[in-house]
Amino acid sequence: MSLIHEIDYGTPASRSETMVTLTIDGREVTVPEGTSIMRAAMDAGIEVPKLCASDMMDAFGSCRLCLVEIKGRGGMPASCTTPVAPGLEVSTQTPRLKDVRRGVMELYISDHPLDCLTCAANGDCELQDMAGAVGLRDVRYGYEGDNHVKARNNGDINAKWLPKDESNPYFTYDPAKCIVCSRCVRACEEVQGTFALTIGGRGFDSRVSAGMAEDFMSSECVSCGACVQACPTATLTEKSVIEIGQPEHSVVTTCAYCGVGCSFKAEMRGEELVRMVPWKDGQANRGHSCVKGRFAYGYSTHKDRILNPMIREKISDPWREVTWEEAYAHVAAEFRRIQYQYGRDSVGGITSSRCTNEETYLVQKLVRAGFRNNNVDTCARVCHSPTGYGLGQAFGTSAGTQNFDSVEFTDVAVIIGANPTDGHPVFASRLKKRLREGAKLIVIDPRRTDIVRSPHIEASYHLPLQPGTNVAILTSLAHVIVTEGLANEAFIRERCDWSEYEDWASFVAEPYHSPEATEAYTGVPADLVRGAARLFATGGNGAIYYGLGVTEHSQGSTTVMAIANLAMVTGNIGRPGVGVNPLRGQNNVQGSCDMGSFPHELPGYRHVSDDATRETFEKLWGVEISNEPGLRIPNMLDAAVDGTFKGIYIQGEDILQSDPDTKHVANGLAAMECVVVHDLFLNETANYAHVFLPGSTFLEKDGTFTNAERRINRVRKVMTPKNGYADWEVTQKLAQAMGMNWNYRHPSEIMDEIAATTPSFALVSYDYLEKMGSVQWPCNEKHPEGSPIMHVDGFVRGKGKFIRTEYVATDERTGPRFPLLLTTGRILSQYNVGAQTRRTDNVVWHAEDRLEIHPHDAEQRGIRDGDWIRLASRAGETTLRSLITDRVAPGVVYTTFHHPTTQANVITTDFSDWATNCPEYKVTAVQVMPSNGPSDWQQDYDEQARQSRRIAGKLEAAE
Amino acid sequence: MNIHQPRGDVSGRTLAIIEELKGLEGPLLPIFHEIQHEFGYVPQDCLPVIARELNLSRAEVYGVFSFYHDFREHPAGRHVLKLCRAEACQSMGGDQLAERAKHLLGIDFHETTPDGAVTLEPVYCLGLCSCAPSAMFDGEVHARVDAGDLDALVAEARR
């Protein structure tokens, strides 16, 4: 094992198909037109010295080190900014070039500290490398005089010297080591798209400046790490590298946060993780990252991690540490007892969208083959279950239609109910890049998110609808497209069922769907809706991206269908740049759905009532599988309250915090006799658990995650599990204790079983993934290289299905007692229930949930910014502090749900999607009023949580 | 031009100036010029406002602002004396002239006399090399400046 060194070609690849042949140092090279000489040289294995160039960014031409000579042309052009031309004869090393380069390096080094031996970048410094490459032996200019290096010049204060900026928790900025190559500034602009950095001043005074010469934390910086990655010196350095030293080997793996599924190099020293660096060959992220994946991995070694199994008789008892064998035996005995006593259907399991495909597969197998029922569900229930249902109905597959690269070909992007700059930051950066190139944007969201307007991007249309009126708006958009004759009839006739289209078209053309009619309750001016519809229908490649603002509604599935209708009516399916793209929330929520985590579906979305599918598994597993769909999470809880559901195995999900109507969840869990929680931490659900099985992190196991673009990415073990076992091993041991004959020696054997039983995974194996890097399912005989884009030659279900989407207002309505609508969302630095990110330094950006409220609503209630307020709904009440902003419209309030003390889900109701039971998180009628502090429920809860986290013989585990 | 505007007026006037000029191609420099004309300097509070209105980042606006020495972060004195420090003027006695000016005013470059009368600044070439050394006093250029001329300029400024 060694450190993976990626080749830096110096400038981005050209997309041209015209090839050009030239000679570099006597070698003939053929490259696409528009390629720089620098890149062409690297293609031929000739490394031209460089400092300011990187293939992540456009050429800049400032360091003057990459000069070359071209026969017949005067001077010494920079190879990064000079494109290739046919027949050029280029020399990269001549005596003249050597002299010039050495002279340039002397100037750089004359204003750079000479502390290489003690420098954090020692061994990973391009300045050092270049000094070596040009043969620098002496600096004729000396080190005296004006400089940025020394705090004092001969005893006098040196005004040009600036101290280190250590404000960011993850990296430092040391201006003394900066060579002002502008790579960080350009990375922030071109790769991340935040524009938080600039060069302040001019000439010798030029300095990299965050914001207006602020420290990094006060600036616009979002801590994505692109600048740190771009820096050729130790100026921007990860604090972990400063602390630990340079890594000695690296392993490519996949981030375990959101559904973008970024590939990272885990750079290691022994079993110690030094840093995570985004991998340029990662096909989802193309070498970019966000603050979570890049830096927020500290939870994996956090002191709160529970490393020994624990048992207790009653949830009011303190925990008792036991051996793994004892824990397995206890769970097996309890589940057997419960099934004997209350019937086969009285137990179930929940799979985790945070765990690997293999682990998820095993949990559903344990339920189906071990518990012998179909009582298995997953957290997708509360997020994208409507996507599965809606897209399945319309197109025939339950997944997004595109890869992320597709955005590079999009002309009009529509974002509905998603906040990509916070929730899916790496995708947002790729989208913003495309927007800066001229693509148009339509945002449908109650809140003015950052993607609506931020430096250099601005949505052409922002439709700030009332929460809960998605279907009305989307049907109105369709109304405009159909009635104004903008439908793509050729596409519809060829790809879709024409009679269904005609029925649907006559439905949407009804006058009561017109923007003028829906304006009354959506709150969106009709001309905005008309403008947006025309732009989407006529603006070229139209792509729809959506998130939980679509699905977490009582009409979530209907909205997904309405999105599918819009894509079909405009012909935006089946090629790059278009499509319907659910932005999946979790690293493996796509995968957990694929693996048969739903109570009605076996792996590959095949219904349990399908005899042929059942037979496949029955033959392999040697048991009979029930043909009756099992219980969904809310049904399990209902059944628990009713006394018919008594035992549950929950892997890697905190349903108490993430599921709606917290009190109902708590009552359900409290009514069970054996709750087994398998997790990294004593999460909120564990307050109601009888058995705790310690989990392992993504760094501690092998497996695969499937991201939002259906891409199956390898997860690789980089360290030994602190708890001793990867999660799949624990599930296997549990199954063995229950008498099942499982003997998987490695997750690859589980994947082989998946491939053997699931047609869309037929060709997937670890060997194949090793060879391909990653593949997008379906990956089978028909699509041996996977399927970056789906429905290319026709829909999977045959003809695309147009479905009528009648708007039905949710039962959750505002009234005199609850006049405001609450909607919820996420923030960049925190992740979902925060179990991981709250245990990292990310808390410096977001230490508590705040309630966003419009100045008008705040003033009416006498609320000032930062005041404690009481937030009450029909379901319950909580308190948190206010944040006054016009991001939300009057009548709408918004909060995040990252902190357990906030208990945002005490407020949310148990209304849910009509088709899938996905909870209606995004609409709750509430009242807001000033308050003095935490509510009784919060105080009781805190006390109960504290009590329930006691471990016998140990000090209280701190949350 | 050295009028101190009350603080409250800054953002209102800035917004009006931005509104008037933002239709231009590349409106940032004209906006800076207008703001400096209005207030005598570019109050740093204007920068975030400009950034927001032009949909740029604060960093970008600061980067442009700080690149140009003639945009001031603080108000100047009632008069501004610039002495050319470029090569031709240096060879014609510019150094001595600079020392004399500093001595007469009791300040260094980039500083303003305590009474607010004069700000002294270096400038790198006024394009008058053929009649060096040169200076600029309140926007008016002076050539072949000798000690007497300098004393007269300083005296006028002090009046």
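Given the structure is predicted, the values throughout are model-derived calculations rather than measurements.

1. Examining the overall build of chain A
Part 1 of the argument: Within chain A, the regular secondary structure consists of 30 helices and 38 strands.
Part 2 of the argument: Its C-alpha radius of gyration of 29 Å places chain A within 12% of the 30 Å reference for a compact globule of 959 residues.
Part 3 of the argument: Counting only C-alpha atoms and orienting by the principal axes, one finds that chain A spans roughly 90 × 75 × 65 Å.
Part 4 of the argument: Buried residues in chain A amount to 57% of all 959 residues.
Part 5 of the argument: Here the contacts in chain A between residues at least 6 apart in sequence split such that 72% fall between residues at least 24 apart.

2. Re the overall build of chain B
Part 1 of the argument: For chain B, the helix and strand inventory stands at six helices and five strands.
Part 2 of the argument: Starting at the N terminus and ending at the C terminus, chain B contains elements arranged as α-α-α-α-β-α-β-β-β-β-α.
Part 3 of the argument: Each principal axis of the C-alpha distribution contributes one length, and for chain B these read about 50 × 30 × 20 Å.
Part 4 of the argument: The buried share of chain B, reckoned over its 159 residues, is 33%.
Part 5 of the argument: Sequence separation of 24 or more characterises 60% of the internal contacts of chain B that already satisfy a separation of 6 or more.

3. Brief notes about the sheet that holds strand S2 (residues 111-112) of chain B
Residue and element names in this part refer to chain B.
Part 1 of the argument: A sheet is described by the order of its strands in space; here five strands give the open sequence S2-S3-S1-S4-S5, paired in mixed fashion. Edge positions in the sheet fall to S2 and strand S5 (140-142), since each has one partner strand and no second.
Part 2 of the argument: Alignment of strand S1 (residues 79-84) against strand S4 (residues 135-137), held across three bridges, turns out to be antiparallel. Paired with Leu83 across the bridge in S4 is Ala135.
Part 3 of the argument: The strands that helix H5 (residues 87-105) touches are S1 and strand S3 (118-123); relative to S1, the one it contacts most, it runs at about 150°.
Part 4 of the argument: Together, S1, S3, S4 and S5 form the strand contacts of helix H6 (residues 147-158), whose direction differs from that of S1 by roughly 160°.

4. Concerning the domain arrangement of chain B
Part 1 of the argument: Per the domain assignment, the segments making up chain B are domain 1 (7-67) and domain 2 (79-158).
Part 2 of the argument: A C-alpha centroid distance of 30 Å is found between domain 1 of chain B and domain 2 of chain B.

5. Quick notes on the interface of chain A and chain B
Part 1 of the argument: Across the contact, 19 residues belong to chain A and 12 residues belong to chain B.
Part 2 of the argument: A per-element tally of the side of chain A that touches chain B places strand S8 (residues 197-200) of chain A first, with four residues.
Part 3 of the argument: Residue composition of the side of chain A that touches chain B, grouped by class: eight nonpolar, seven polar and four charged.

6. Description of the nonpolar core
Residues and elements named next belong to chain A.
Part 1 of the argument: One finds Cys184, Cys227, Ile442, Leu477, Ile544, Ile563 and Ala564 to be the most contacted residues of the largest nonpolar core, which totals 192 residues.
Part 2 of the argument: Not counting chain neighbours up to four residues away, the residues in contact with Leu477 comprise Val529, Ala532, Ala533 and Leu566.
Part 3 of the argument: Counting residues in hydrophobic clusters, the runner-up holds 65 residues, among them Leu366, Val367, Tyr649 and Leu734.

7. Focus: the pairing of strand S38 (residues 924-930) of chain A
Where a strand is regular, its side chains alternate between the two sheet faces.
All names here are of chain A.
Part 1 of the argument: With three bridges joining them, strand S33 (residues 820-825) and S38 adopt antiparallel strand pairing. Across the sheet, the residue bridging to Leu822 is Thr924, located in S38.
Part 2 of the argument: Strand direction decides the pairing type here: strand S35 (residues 868-873) and S38, joined by five bridges, are antiparallel. Within S38, the residue paired with Ile869 across the bridge is Pro930.

8. Details of the domain arrangement of chain A
Note on interface size: it is often stated as the accessible area lost on association of the parts.
Part 1 of the argument: The domain architecture assigned to chain A consists of domain 1 (19-133), domain 2 (152-301), domain 3 (310-383 + 588-776), domain 4 (385-582) and domain 5 (820-948).
Part 2 of the argument: The C-alpha-based centres of domain 1 of chain A and domain 5 of chain A are spaced at 54 Å.

9. Things to note about unusual backbone geometry
Part 1 of the argument: Residues Trp777 of chain A and Pro778 of chain A are joined by a peptide bond in cis, for which omega reads 0°.
Part 2 of the argument: Along the chain, the position of Pro778 of chain A falls in the loop between strand S32 (774-776) and S33.
Part 3 of the argument: The residue after Ala132 of chain B, namely Pro133 of chain B, is reached through a cis peptide bond having omega -10°.
Part 4 of the argument: In this structure, Asp25 of chain A is a non-glycine residue whose phi angle is positive, near 50°.
Part 5 of the argument: Considering the arrangement of structural elements, one finds Asp25 of chain A in the loop between strand S1 (19-24) and strand S2 (27-32).
Part 6 of the argument: The partly exposed category is assigned to Asp25 of chain A, around which 17 C-beta atoms lie within 10 Å.
Part 7 of the argument: Phi angles above zero are rare outside glycine, and Asn154 of chain A is one such case at about 50°.
Part 8 of the argument: One can find Asn154 of chain A in the loop between strand S5 (152-153) and strand S6 (156-157).

10. A word on the sheet that holds strand S31 (residues 711-715) of chain A
Residues and elements named next belong to chain A.
Part 1 of the argument: Reading across the sheet, the three strands line up as S30-S31-S32 and stay open at both edges, with antiparallel pairing between neighbours. Edge positions in the open sheet fall to strand S30 (703-706) and S32, since each of these has one partner strand only. Taking the axes of each pair of neighbouring strands and ignoring which way they run, one obtains an average angle of 30° across the sheet.
Part 2 of the argument: Note: S30 against S31, four bridges, orientation antiparallel. Residue pairing in the sheet places Gly703 in a bridge with Val715 of S31.

11. Quick notes on the environment of Asn588 of chain A
Residues and elements named next belong to chain A.
Part 1 of the argument: Topologically, Asn588 is positioned in the loop between strand S24 (579-582) and helix H20 (589-594).
Part 2 of the argument: Given 35 C-beta atoms within 10 Å, Asn588 falls into the buried group.
Part 3 of the argument: Sequence spacing of Asn588 and Asn707 is 119 residues, and the spatial spacing of their C-alpha atoms is 5.9 Å.

12. Quick look at the pairing of strand S36 (residues 877-884) of chain A
Residues and elements named next belong to chain A.
Part 1 of the argument: Among the eight residues of S36, six are classified as buried, and the element is accordingly described as predominantly covered.
Part 2 of the argument: Two elements, strand S34 (residues 850-853) and S36, share four bridges in a ladder whose sense is parallel. Residue pairing for S36: Arg850 is matched across the bridge by Arg881.
Part 3 of the argument: The hairpin formed by S35 and S36 contains three residues between the paired strands.

13. With respect to the packing of helix H9 (residues 357-371) of chain A against helix H26 (residues 747-757) of chain A
All names here are of chain A.
Part 1 of the argument: Relative to each other, H9 and H26 sit at 65°, their axes nearing to 9 Å. The angle between H9 and H26 falls in the class roughly perpendicular. In the crossing of H9 with H26, the sense of the turn from one axis to the other is left-handed. For the pair formed by H9 and H26, the contact residues are Asn357, Glu358, Tyr361 and Leu362 on the first element and Pro747, Ile750, Met751 and Ile754 on the second.

14. Let's talk about the environment of Thr924 of chain A
Part 1 of the argument: Relative to the helices and strands, Thr924 of chain A is located in strand S38.
Part 2 of the argument: Here Thr924 of chain A is in contact with Glu812, Leu822, Ser873, Ile907, Thr908 and Thr909 of chain A, once residues within four sequence places are set aside.

15. Concerning helix H25 (residues 727-737) of chain A
Residues and elements named next belong to chain A.
Part 1 of the argument: Burial analysis of H25 places eight of its 11 residues in the buried class, which makes it a mostly covered element.
Part 2 of the argument: For H25, the set of buried residues is Asp727, Trp728, Val730, Thr731, Gln732, Leu734, Ala735 and Ala737.
Part 3 of the argument: Check the buried side of H25 and you find it contacts helix H8 (324-342), H9, strand S27 (647-651), strand S28 (674-679), strand S29 (691-694) and H26.

Reading the values: rules and limits
- Residues numbered from 1 in each chain as written.
- Chains lettered and ligands numbered in written order.
- Predicted model: local features only at pLDDT ≥ 70, side-chain atom pairs only at ≥ 80, totals over all residues.
- Helix = DSSP H or I, 4+ residues; strand = E, 2+ residues; numbered from the N terminus.
- Rg over C-alpha atoms; globule rule 2.2 N^0.38 Å.
- Buried ≥ 20, exposed ≤ 12 C-beta atoms within 10 Å, placed from the backbone.
- Contact = placed C-beta atoms within 7 Å.
- Pairing = 2+ DSSP bridges.
- Axes fitted to C-alpha atoms, helices over the stretch in contact; angles between N-to-C directions.
- Domains from an automatic or database assignment.
- Nonpolar A, V, L, I, M, F, W, Y, C, P; charged D, E, K, R; others polar.
- Core = buried A, V, L, I, M, F, W, Y, C linked by C-beta atoms within 7 Å.
- Parallel < 35°, antiparallel > 145°, perpendicular 65-115°, else oblique.
- Left-handed = near helix turned anticlockwise from the far one by under 90°.

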